[in-house]
Amino acid sequence: MNNTGHRQWNIGELYRAAKRELAALSDVPQTEAMLLCAHFLGAGDRMALLMREQEPVPQDTAEAFLCALSQREHRPLQYILGSWEFDRMELKVGEGVLVPREDTLALVELGCERLAAIAADRTDDRPLRILDLCAGTGAVGLAAARRLPDALVTCVELSDEALPYLRANVERYGGGRVTVVQGDVLAGPAAMGILPGSFDGILSNPPYIPAADIAGLAREVRQEPSMALDGGADGLDFYRAISELWRDAVCPGGVLCFELGEGQFDDVERMIVRLEWGEIGAKRDFSGKLRAIVGTKQS
């Protein structure tokens, strides 16, 4: 994108410039242009753009807008904006952390349905205790805490790059009920001092892309951290580790709920049934794909 020089831009001109530039970079150039306008210009819908089209934009604001637009060729829009919405939360994101996606709501909804049933059956007032493994931004754990107002959530994340985003999001949305722990999920709970039977449920959106497939992912996705994508040779390394190593961290009757990659349901179902997770349930995402699986720990 050319430098602004001393040109006086208005909102309509910047929107149209963004839409033209993004046409070669995005499948949804109009949507991305509107998001940029919302972020930098405070005009994020069609009515605002129509009503304020001729409104002049201060030079420094126009420069910031066009600078962001010039980055779009090599950075995901979410990283440029610095935040992304998930389940009515505006979560901080950036290089080094996986961007939360709408598909993950299937995991949140399925897991919370099963956990709410556990809470309803209790005869005491103990809070639910939930683990979010491979937490990233904390999207899953924070959404669970919002939906289950008395729950206590522990978010486990290994990446030094992801942790600042996780901590910032927990500080904003955790309500004092969400804790951050840095640790390697593949090492199991004992490595973090987690005692058997400490939790009522595990929710996890683990890395699940087969290693050989990563190079063929969309350019957008390849710019996200490989640590958050690479699920090993067959994409199932984290499912194996969590369903087996972390089983004892869950109390009898507690639940395990995973997000799934496309076509992984049957393999993961066989795996968790063999390890005596029963009462298997599933949920599809908004596009109709099997996106989440849940099982209950048998006594």
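You'll find the structure just up there.
Since the model is a prediction, treat every value here as computed from it, not as a measurement.

Colleague: Talk me through the overall build of the chain; I want residue IDs and the actual numbers.
Modeller: A tally of regular secondary structure across the chain gives 11 helices and 9 strands. Relative to its length of 299 residues, the chain is compact, with a C-alpha radius of gyration of 21 Å against a globular reference of 19 Å. Taking the principal axes of its C-alpha atoms as reference, the chain extends roughly 70 × 45 × 35 Å. Across the 299 residues of the chain, 51% fall into the buried class. Look at the contacts in the chain between residues 6 or more apart in sequence, and 66% of them connect residues 24 or more apart.

Colleague: Help me get a handle on helix H10 (residues 237-245), residues and values and all.
Modeller: Looking at H10, one finds that the buried residues are Phe238, Tyr239, Ala241, Ile242 and Ser243. Buried residues in H10 make contact with strand E3 (129-133), strand E6 (199-204), strand E7 (250-259), helix H11 (265-274) and strand E8 (277-284).

Colleague: An account of the pattern of salt bridges is requested, with residue identities and associated values reported.
Modeller: According to the stated counting rule, one finds 18 salt bridges in the structure shown. Linking Arg72 and Glu32 is a salt bridge whose minimum nitrogen-to-oxygen distance equals 2.7 Å. Taken together, the positions of Arg72 in the loop between helix H4 (59-71) and helix H5 (77-81) and Glu32 in helix H2 (residues 29-41) put the pair 40 residues apart, joining distant regions of the chain. The pair Arg72 / Glu32 is uniform in exposure class, with both members buried.

Colleague: Describe helix H1 (residues 11-22), naming the residues involved and giving the relevant values.
Modeller: An ideal rise of 1.5 Å per residue puts 16 Å on 12 residues; H1 measures up with 16 Å between its terminal C-alpha atoms. Listed as buried for H1 are Ile11, Gly12, Leu14, Tyr15, Ala17, Ala18 and Leu22. Against H2, helix H3 (46-52) and H4 lie the buried residues of H1.

Colleague: Just give me the short version of the environment of Ala62, but keep the residues and values in it.
Modeller: Here Ala62 shows up in helix H4. On the basis of relative accessibility, which here comes to 0%, the residue Ala62 falls in the buried class.

Colleague: Quick rundown of the pairing of strand E4 (residues 152-157)? Include the residues and the values.
Modeller: Counting buried positions along E4 gives 5 out of 6 residues, so the element sits mostly inside the fold. Here E3 pairs with E4 via 5 bridges, running parallel. By the bridge assignment for E4, Ile130 is matched with Val153. Tracing the backbone out of E3, into helix H7 (residues 139-147) and back to the parallel element E4 gives a crossover that is right-handed. Where E4 meets strand E5 (residues 178-182), 5 bridges bridge the pair, whose relative direction is parallel. Of the residues in E5, the one forming a bridge with Glu157 is Gln182. Read from E4 through helix H8 (residues 163-173) to E5, the crossover connection turns out right-handed.

Colleague: Give a detailed account of the side chain of Ser243, specifying residues and quantitative values.
Modeller: Tracing the sequence through the fold places Ser243 in helix H10. Classification of Ser243 as buried rests on a relative accessible area of 0%. Apart from residues lying up to four places away in sequence, Ser243 is in contact with Leu256, Phe258, Met271, Ile272, Leu275 and Trp277.

Colleague: Hey, could you go over a nonpolar patch on the surface for me, with residue numbers and the actual values?
Modeller: A surface patch of nonpolar side chains, about 390 Å² in accessible area, is lined by Met47, Leu50 and Met51. Overall, the relative accessible area of 58% leaves Leu50 in the exposed class.

Colleague: Outline the packing of aromatic side chains, supporting the account with residue identities and numerical values.
Modeller: Summed over the entire model, instances satisfying the criterion amount to 2 aromatic pairs. Ring centres of Tyr239 and Phe258 lie 4.8 Å apart, and the angle between their planes is 85 degrees; this geometry places the pair in the edge-to-face category. In this pair, Tyr239 sits in helix H10 while Phe258 sits in strand E7, placing the two residues 19 residues apart along the sequence. Of the two residues examined, Tyr239 and Phe258, each falls in the buried class. When the ring centre of Phe199 is taken as origin, the NZ or CZ atom of Arg129, which lies over that ring, is 5.7 Å away. Across from the ring centre of Trp277, 5.7 Å away, lies the NZ or CZ of Arg247, which sits over that ring.

Colleague: Explain the sheet that holds E8 to me, and be specific about the residues and the numbers.
Modeller: Here 7 strands make up an open sheet; going across it, the order is E5-E4-E3-E6-E7-E9-E8 and the pairing mixed. Looking at strand neighbours, the two that pair on one side only are E5 and E8, the edges of this open sheet. Neighbour-to-neighbour, the strand axes of this sheet turn through a mean angle of 20 degrees, independent of strand direction. Helix H6 (residues 105-121) contacts E3, E6, E7, E8 and strand E9 (290-297) of the sheet and is inclined by roughly 140 degrees relative to E8. In the packing of H10 onto the sheet, the strands contacted are E3, E6, E7 and E8, and the crossing angle to E7 comes to about 170 degrees.

Colleague: So, the nonpolar core: which residues are in play, and what are the values?
Modeller: Formed by 33 residues in total, the largest nonpolar core has its most connected members in Phe86, Leu115, Ile130, Leu148, Val178 and Leu203. Elements with a minimum of two residues in this core: strand E2 (89-92), H6, H7, E4, H8, E7 and E9. Here this core gets 8 residues from one element, more than from any other, and that element is H6. With residues near it in sequence (within four places) discarded, Val178 still touches Leu142, Ala145, Val153, Cys155 and Val170. With 30 residues, the next largest nonpolar core counts Leu133, Val156, Phe199 and Ile272 among its residues.

Definitions and cut-offs
- Residues numbered from 1 in each chain as written.
- Predicted model: local features only at pLDDT ≥ 70, side-chain atom pairs only at ≥ 80, totals over all residues.
- Heavy atoms only, no water.
- Helix = DSSP H or I, 4+ residues; strand = E, 2+ residues; numbered from the N terminus.
- Rg over C-alpha atoms; globule rule 2.2 N^0.38 Å.
- Buried < 20%, exposed > 50% of the residue type's maximum accessible area, 1.4 Å probe, protein only.
- Contact = heavy atoms within 4.5 Å.
- Salt bridge = Lys/Arg side-chain N within 4 Å of Asp/Glu carboxyl O.
- Expected span 1.5 Å × (residues − 1).
- Pairing = 2+ DSSP bridges.
- Right-handed = clockwise from strand over helix to strand, strands pointing away.
- Patch = residues over 30% accessible without salt bridge, like charges linked within 9 Å, V, L, I, M, F, W, Y side chains within 5 Å.
- Areas by Shrake-Rupley, 256 points an atom, 1.4 Å probe, with all protein chains shown as cover.
- Phe/Tyr/Trp six-rings, centres within 6.5 Å; stacked < 30°, edge-to-face > 60°.
- Lys NZ or Arg CZ within 6 Å of the ring centre and 35° of its normal.
- Axes fitted to C-alpha atoms, helices over the stretch in contact; angles between N-to-C directions.
- Core = buried A, V, L, I, M, F, W, Y, C linked by side-chain atoms within 4.5 Å.

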